[in-house]
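If you want the building blocks of each chain, they are given just below.
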Amino acid sequence: MKTIDLVYRTMFAELAQRSLDASFEIDFPTTGNFVRVPVKDRDYWYFEQTQPNKTRKYVGPANDSEIASRVAAFKEIKEDLRGRRKLVSTLTRQAGLVAPDRFTGDVVEAMANAGIFRLRGVLVGTVAFQTYAGYLGVRLPGASLQTGDADFAQHHSISSSVEDSLPPILDLLKGVDSTFRAIPHRSDPARATQFENAARYKVEFLTPNRGSDDYDDHASPMPSLGGASAQPLRFLDFLIHEPIRTVMLHRSGVPVTVPSPERYAVHKLIVASRRQSDASGISKREKDVYQASLLIEALKITRRQDELAEVFVEAWNRGSRWRAAIEKGLDLMPDKRRMATGMTLKEALASIGEKLDGFTDVGSGLAG
């Protein structure tokens with residue numbers, strides 16, 4: 001795995017900032033104003049317009065430093081579409097960073113423009129993985145980037161409290177491809193957590209399951225998702241905790257919110273252990289552990305071992321089910337990758353002075 005040149009890493013950071021600024025201006029035209037609104041003992045930013053009718057749009061927590069800085073510089077944000085397109089072209093053609101396929105990019109861009117990330121949704125899955133090359137400043141193998149769907153996650157507590165909503169999801173997706181349709185949930189036919197087009201491309205909405213496993217079989221209503229529901233998943237709360245902002249290399253750059261790469265890597269070890277043993281499940285778990293090993297390697301060469309170790313410790317200490325899943329995920333790796341991953345984890349833990357009970361890895365990649 002190779003890092004990209006400093007000039008390209010700097011260029012990516014500039015594109016990310018300019019794309020975020022541009023999206024902020026689209027969402028919040030200068031005809032309105034920002035107001036702080038207390039909700040349940042916390043302050044949040046809302047954007048208020050009075051013409052033609054008074055409306056209020058959720059922005060985010062008042063203590064979010066990135067949002068606060070954009071609020072302060074609101075009137076200075078300028079649109080520079082052509083310049084950002086040139087940056088995207090340079091990063092994909094010269095730096096060797098991979099852009100998403102055009103259809104996936106259009107789907108995510110439509111969701112972004114509608115406000116999914118403003119409403120604290122998180123892009124997850126392989127489409128999120130595609131953004132880590134630029135964020136970390138490394139080249140990732142193309143085989144790890146292939147996908148046929150786009151997945152978005154949101155906490156139910158956020159969806160039910162922001163007092164704002166996306167436009168109807170099916171209408172948004174039909175704007176990209178008129179063949180999109182809602183797929184009735186297997187246990188709740190009146191609800192839909194997945195949408196599919198004629199080419200079998202899927203868009204799915206997910207939410208953490210923090211309660212009984214019984215909830216896994218039911219769609220969760222999500223007030224802010226434009227009529228869509230979400231599929232509850234175990235371990236998802238760990239993945240989308242403290243996500244990061246970055247940019248997808250599509251058109252002029254699409255600002256997205258994705259899981260931190262260290263959480264994505266550890267989460268992939270866990271979900272790999274829970275895949276079915278049929279042909280589809282085997283293929284998915286091979287991809288899971290491949291992506292996990294690549295990100296762990298990337299975190300090592302970009303000197304982010306401390307972040308990896310802290311997240312690994314958090315997951316390991318969540319209990320026996322988590323430890324067993326991590327162990328099995330490591331065991332699913334081919335020998336050479338398992339050894340390299342195990343050594344990196346050992347070094348990362350040592351870098352923060354941690355020695356975990358039950359984790360006796362000495363470079364073999366095995367826990368036990």
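Refer to the structure printed above.
Residues numbered from 1 in each chain as written. Predicted model: local features only at pLDDT ≥ 70, side-chain atom pairs only at ≥ 80, totals over all residues. Heavy atoms only, no water.

Asker: So, the overall build of the chain: which residues are in play, and what are the values?
Answerer: A count of helices and strands for the chain gives 14 helices and 12 strands. For the chain, the C-alpha radius of gyration of 21 Å lies close to 21 Å, the compact-globule estimate for 368 residues. In terms of its C-alpha atoms, the chain occupies a principal-axis envelope of roughly 65 × 50 × 45 Å. Long-range contacts, defined as pairs at least 24 residues apart, comprise 68% of the intrachain contacts of the chain with a sequence gap of at least 6. If you sum the accessible surface of the chain, you get close to 17,300 Å²; carbon and sulfur atoms cover 48% of it. Both charge centroids of the chain, one from 50 positive and one from 47 negative side chains, sit 3 Å from each other. (Helix = DSSP H or I, 4+ residues; strand = E, 2+ residues; numbered from the N terminus. Rg over C-alpha atoms; globule rule 2.2 N^0.38 Å. Contact = heavy atoms within 4.5 Å. Areas by Shrake-Rupley, 256 points an atom, 1.4 Å probe, with all protein chains shown as cover. Lys, Arg positive; Asp, Glu negative; His and termini not counted. Charge placed at Lys NZ, Arg CZ, Asp CG, Glu CD.)

Asker: Before we move on, can you summarise the packing of helix 4 (residues 102-114) against helix 8 (residues 169-176) with the specific residues and values?
Answerer: Two elements in contact, helix 4 and helix 8, have axes separated by 9 Å at closest approach and are oriented at 140°. Between helix 4 and helix 8, the angle is such that the two are oblique. Along this stretch, helix 4 crosses helix 8, giving a crossing that reads as right-handed. On helix 8, the residues that touch Phe 103, Asp 106, Val 107, Ala 110, Met 111 and Ala 114 of helix 4 are Ile 169, Leu 172, Leu 173 and Val 176. When its residues are assigned to classes, the contact of helix 4 with helix 8 shows 9 nonpolar, no polar and 1 charged. (Axes fitted to C-alpha atoms, helices over the stretch in contact; angles between N-to-C directions. Parallel < 35°, antiparallel > 145°, perpendicular 65-115°, else oblique. Left-handed = near helix turned anticlockwise from the far one by under 90°. Nonpolar A, V, L, I, M, F, W, Y, C, P; charged D, E, K, R; others polar.)

Asker: Please provide a residue-by-residue account of the side chain of Ser 159, values included.
Answerer: Among the secondary structure elements, Ser 159 is positioned in helix 7 (residues 156-159). A polar side-chain atom of Ser 159 sits 2.9 Å from a polar atom in the side chain of Ser 224. If sequence neighbours within four positions are ignored, Ser 159 has contacts with Gln 154, Met 222, Pro 223, Ser 224 and Leu 225. (Polar contact = N/O pair within 3.5 Å; in protein donor to acceptor, adjacent residues only side chain to side chain.)

Asker: Go over the packing of aromatic side chains with me, naming the residues and quoting the values.
Answerer: The tally for this structure, following the rule as stated, stands at 15 aromatic pairs. Taking the centre distance of 6.3 Å and the plane angle of 85° together, the rings of Phe 34 and Trp 45 count as edge-to-face. Taken together, the positions of Phe 34 in strand 1 (residues 33-39) and Trp 45 in strand 2 (residues 42-49) put the pair 11 residues apart, joining distant regions of the chain. For the pair formed by Phe 34 and Trp 45, the shared burial category is buried. Considering the side-chain rings of Phe 238 and Trp 322, the 5.5 Å spacing of their centres and the 70° angle between planes classify their relative orientation as edge-to-face. Of this pair, Phe 238 sits in helix 9 (residues 236-239) while Trp 322 is found in helix 13 (residues 320-331), placing the two residues 84 residues apart along the sequence. Each member of the pair, Phe 238 together with Trp 322, is buried. In this structure an aromatic cluster arises from ring pairing among Phe 117, Phe 152, Phe 195 and Phe 205. (Phe/Tyr/Trp six-rings, centres within 6.5 Å; stacked < 30°, edge-to-face > 60°. Buried < 20%, exposed > 50% of the residue type's maximum accessible area, 1.4 Å probe, protein only.)

Asker: Outline the nonpolar core, listing residues and values.
Answerer: One finds Leu 123, Phe 152 and Phe 205 to be the most contacted residues of the largest nonpolar core, which totals 97 residues. With residues near it in sequence (within four places) discarded, Phe 205 still touches Met 111, Phe 152, Ile 169, Thr 193, Phe 195, Leu 225, Ala 228, Ser 229, Ala 230 and Gln 231. (Core = buried A, V, L, I, M, F, W, Y, C linked by side-chain atoms within 4.5 Å.)

Asker: Please set out helix 3 (residues 81-93) residue by residue, giving values where relevant.
Answerer: Compared with an ideal rise of 1.5 Å per residue, which puts 13 residues at 18 Å, helix 3 spans 18 Å between its outermost C-alpha atoms and is within 8% of the ideal. Of all the residues in helix 3, the buried ones are Arg 84, Leu 87, Val 88, Thr 90 and Leu 91. The buried residues of helix 3 occupy an angular sector of 165° when projected down its axis, which confines them to one face. Of the exposed residues in helix 3, the ones pointing more than 90 degrees away from its buried face are Arg 82, Lys 86 and Arg 93. (Expected span 1.5 Å × (residues − 1). Arc of directions from axis to C-beta.)

Asker: Residues and numbers for a negative patch on the surface, please.
Answerer: Taken together, the side chains of Asp 306, Glu 307, Glu 310 and Glu 354 present a region of like negative charge at the surface. Mapped onto the elements of the fold, Asp 306 is located in helix 12 (residues 305-316). (Patch = residues over 30% accessible without salt bridge, like charges linked within 9 Å, V, L, I, M, F, W, Y side chains within 5 Å. Salt bridge = Lys/Arg side-chain N within 4 Å of Asp/Glu carboxyl O.)

Asker: Give me the lowdown on helix 4, citing residues and values where you can.
Answerer: Relative to the 18 Å expected for 13 residues at 1.5 Å per residue, helix 4 spans 18 Å between its end C-alpha atoms, a close match to the ideal helical length. Thr 104, Gly 105, Asp 106, Val 107, Val 108, Glu 109, Met 111, Ala 112 and Ala 114 are the residues of helix 4 that are buried. Where helix 4 begins, the capping side chain belongs to Asp 101, and its oxygen is found 3.2 Å from the backbone nitrogen of Phe 103. Just past helix 4, the residue Gly 115 takes up positive phi, approximately 115°.

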